[in-house]
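# Geometric and topological summary
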Amino acid sequence: MDLVALVDRLGEAPTAALFGVLTGVVFGVAAQRSRFCLRAAVVEFARGEMRDKVSVWLLTFSTALVWVQGAQLLGVFDASNARMMAVPGSWSGAIVGGLMFGAGMVLANGCSGRLLVMAATGNLRSVISGLIFAVVAQMSLAGVLSPLRDRIAALWVTTGGRNMDLLAAAHLPRGAGLVIGLAIALVALELSRRNRIGVRRLVFASGVGFAVALGWVLTYALANVAFEPVQIESATFTGPSAHTLMFFLDRDAVLEFDVGLVPGVFLGAFLAAAWARELKVQGFDGPTPLRNAMIGAALMGFGGMLAGGCAIGAGVTGGSIFVGTAWLALFCMWIGGMTTDVLMGGRRQGAVA
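Notes on the structure follow. (Residues numbered from 1 in each chain as written. Predicted model: local features only at pLDDT ≥ 70, side-chain atom pairs only at ≥ 80, totals over all residues. Heavy atoms only, no water.)

### Looking at the nonpolar core
The nonpolar side chains of soluble globular proteins are, as a tendency, buried together. Heads up, the rule is: In plain words, nonpolar cores are sets of buried Ala, Val, Leu, Ile, Met, Phe, Trp, Tyr and Cys residues tied together by side-chain atoms within 4.5 Å. Three labels apply to residues, based on accessible area from a 1.4 Å probe with only protein chains included: buried if under 20% of the type maximum, exposed if over 50%, partly exposed otherwise in between. Helical segments are the DSSP runs of H or I of at least four residues, strand segments are the runs of E of at least two, and each set is numbered from the N terminus.
Ranked by size, the top nonpolar core spans 82 residues in total, and within it Leu38, Trp57, Phe77, Phe101 and Ile321 carry the most contacts. In terms of residues, this core owes the most to one element, helix α12 (residues 199-225), which gives 11 residues. Val136, Ile152, Ala153 and Leu306 belong to the second largest nonpolar core, which has five residues in total.

### Some thoughts on the environment of Arg83
We count it as follows: We call two residues in contact whenever any of their non-hydrogen atoms come within 4.5 Å of each other. Counting of polar contacts relies on pairs of N or O atoms within 3.5 Å, with two restrictions inside protein: one atom must be capable of donating a hydrogen and the other of accepting it, and residues adjacent in sequence are counted only when both atoms are side-chain atoms.
Residue position: Arg83 is located in helix α5 (residues 83-86). For Arg83 and Asp52, which are 31 residues apart along the polypeptide, the C-alpha to C-alpha distance reads 33 Å. Setting aside residues up to four positions removed in sequence, Arg83 forms contacts with Gln231, Ile232, Glu233 and Asp258. Separated by 2.8 Å, the side chains of Arg83 and Glu233 make a polar contact.

### Quick word on the packing of helix α13 (residues 238-249) against helix α14 (residues 257-275)
Put simply, the rule reads: Angles run from 0 to 180 degrees between N-to-C directions of axes, and those axes are lines fitted to C-alpha atoms, restricted for helices to the stretch in contact. Under this scheme an angle from 65 to 115 degrees is roughly perpendicular, one under 35 degrees roughly parallel, and one over 145 degrees roughly antiparallel; angles in between are oblique. Each residue gets one of three labels, nonpolar for Ala, Val, Leu, Ile, Met, Phe, Trp, Tyr, Cys and Pro, charged for Asp, Glu, Lys and Arg, and polar for the others, Gly among them.
At a minimum axis separation of 8 Å, α13 and α14 run at an interaxial angle of 95°. In terms of axis orientation, α13 runs roughly perpendicular to α14. In contact with Gly239, Pro240, Ser241, His243, Thr244 and Phe247 of α13, α14 contributes Asp258, Val259, Leu261, Val262 and Pro263. Partitioned by chemical class, the residues of the contact of α13 with α14 number six nonpolar, four polar and one charged.

### Some points on the state of the cysteines
Inclusion rule: A pair of cysteine sulfur atoms is labelled a disulfide when the two atoms are within 2.5 Å.
Applying the stated rule across the entire model yields zero disulfides. Left unpaired, Cys111 is separated from the closest cysteine sulfur, that of Cys37, by 4.1 Å.

### So, the side chain of Asp52
Here Asp52 shows up in helix α4 (residues 52-74). Among residues more than four places away in sequence, those in contact with Asp52 are Glu44, Asn195, Ile197 and Arg201.

### Brief notes about unusual backbone geometry
At Arg196, a position not held by glycine, the phi torsion is positive, near 55°. Here Arg196 lies in the loop between α11 (176-194) and α12. One non-glycine residue, Arg277, lies in positive phi territory at about 55°. Locating Arg277 in the fold gives a position in the loop between α14 and α15 (287-307).

### A word on empty space enclosed by the protein
Empty space among the atoms can be located by rolling a probe the size of a water molecule over them. Cut-off, in case you're wondering: A pocket here means an open set of points on a 1 Å grid, computed over the protein atoms alone, that has protein on both sides within 12 Å along at least five of seven lines. A cavity is instead a set of points where a 1.4 Å probe fits but cannot get out; residues with an atom within 4 Å of a point line either one. Grid points are joined across faces, edges and corners, and a volume is the space filled by probe spheres set on the points.
This structure, assessed with the given rule, holds one cavity of 30 Å³ or more. Taken as a whole, the largest cavity encloses approximately 30 Å³ of empty space. Examining the composition of the lining of the largest cavity, we find that three residues originate from one element, helix α7 (residues 112-120), more than from any other. Class assignment of the residues belonging to the lining of the largest cavity gives a composition of six nonpolar, one polar and one charged.

Take it as geometry only, folks, not as evidence of what the structure does.
So this is what it looks like as structure tokens:
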């Protein structure tokens, strides 16, 4: 693909948005067909099980590592200039935000990425939760909640003006990230074999990880040919949800990767569900699920912005390039989610949805 010609024809901002759409469509199709969701994996693990949800999540996470680290070894991507790595990170934000996000995704019955996918299939609960998530994320980014977010984030930050590269901090050789990804993938495949997960679902689960690598590679390539600075980024839903919301509310908003990503995921999930004849309008089952969903979405909106990313943004995208605060945020999401499920009597609620 002649990227320079594409940029000359469309412009840098529309090209970034187009790359966001492409990344989002791949993510949406793969996530819908694999039923990938951090919340489901966390709840399953909290109830003492290692079944299909955990297997799918581990495979997605590991394949993201493999694809991204492989891209670095091939020279088509460099994580050192990625936005997550090139700016200071917040350890305190990762801890507090991760715990809040983990609790919120259990209350809302889905992480932010899963809510977007489910909304595309006709789930009204996810539509309402997603809107609340986006509004609170915007309030935390540049609204009334931003001072509180800034204060918490400033309590404990990384040193040196950058985030921590875990591989570099551990003095691991080049290629160590790929080896770690392959090792986790072997564990995921063994769990998948024990749980008799079909090949098709495994392929789509790995497709979610591929979407993360695709976003990194596309924005890196664009940054290398663009005249104006372009953020090197990939799939995440906290900031993009807020930016997409403002794009439709503010006539001065500009196109960017984030603005293309969210509609792309919605489109991909919708097409995948339509192909499988899984489109179905669903509502709330009662006042308690509605209340929990609203509280959970708000917690995810603030927590995700504070942690520097959502279950996808920090948990998979940031994790794939070994960003220190992203791995900490992911760990805290697991802790927050498992604790919330236990407090809500998760074991007595039966199978994981």
